[in-house]
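Secondary and tertiary structure notes
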Amino acid sequence: MSCFAGDPNFCSECGSVLPLPGIQDTVLCPRCSFCLPVAEFSGQEIRSTVVFNPEEQSSVALKDEEGSELKGAVIDRRCTRCNKEGMVYHTRQMRSADEGQTVFFTCIHCRYQEKEDS
């Protein structure tokens, strides 16, 4: 007996997202192995859109009084000094190769720098 019903994109037994129909006559749920005939998908149109953040919000290039430029993607991280949102980051391999990278964060407002070992 089916627990989930209505949308053929989802398994009617377990609710998992079904893979797109291929050349086989049935679509097999990867989670519970429920079989659905490909005929159930006839006439369906699949559409998708990709929305990018505006460039002004996602990257920054600022110069300070010494002329050094601060470049990079702006992320949602709060500065511990000025408590404002927005920092840029870069990574470096500072420790041995079997250890994680070190991430350096710089506040776009007060230029405070933080370091995080990942």
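Shown above is the structure to which this text applies.
In this report, we go over the structure that sits alongside the text. Just so it is clear, the model here is predicted, and its values are computed rather than measured. (Residues numbered from 1 in each chain as written. Predicted model: local features only at pLDDT ≥ 70, side-chain atom pairs only at ≥ 80, totals over all residues. Heavy atoms only, no water.)

Some remarks on the overall build of the chain
Along its length, the chain carries one helix and seven strands. Starting at the N terminus and walking to the C terminus, you meet the elements of the chain as β-β-α-β-β-β-β-β. Relative to its 118 residues, the chain shows a buried fraction of 19%. Contacts spanning at least 24 positions in sequence make up 21% of the contacts within the chain whose residues lie at least 6 apart. (Helix = DSSP H or I, 4+ residues; strand = E, 2+ residues; numbered from the N terminus. Buried < 20%, exposed > 50% of the residue type's maximum accessible area, 1.4 Å probe, protein only. Contact = heavy atoms within 4.5 Å.)

Some thoughts on unusual backbone geometry
Not every positive phi belongs to a glycine, and S33 is a case in point at roughly 65 degrees. Structurally, S33 can be placed in the loop between β1 (26-28) and β2 (35-37). For S33, a relative accessible area of 48% puts it in the partly exposed group.

A closer look at the pairing of strand β6 (residues 102-107)
In terms of residue burial, β6 counts as a mostly covered element, since five of its six residues are buried. As paired elements, strand β5 (residues 85-92) and β6 share six bridges and run antiparallel to each other. Among the inter-strand pairings, M87 is bridged to a residue of β6, identified as C107. Pairing analysis gives five bridges linking β6 to strand β7 (residues 113-117), with the strands arranged antiparallel. In the sheet register, F104 faces β7, and the bridge partner there is K115. Count of turn residues in the β6/β7 antiparallel hairpin: five residues, of which R111 carries a positive phi of about 65 degrees. (Pairing = 2+ DSSP bridges.)

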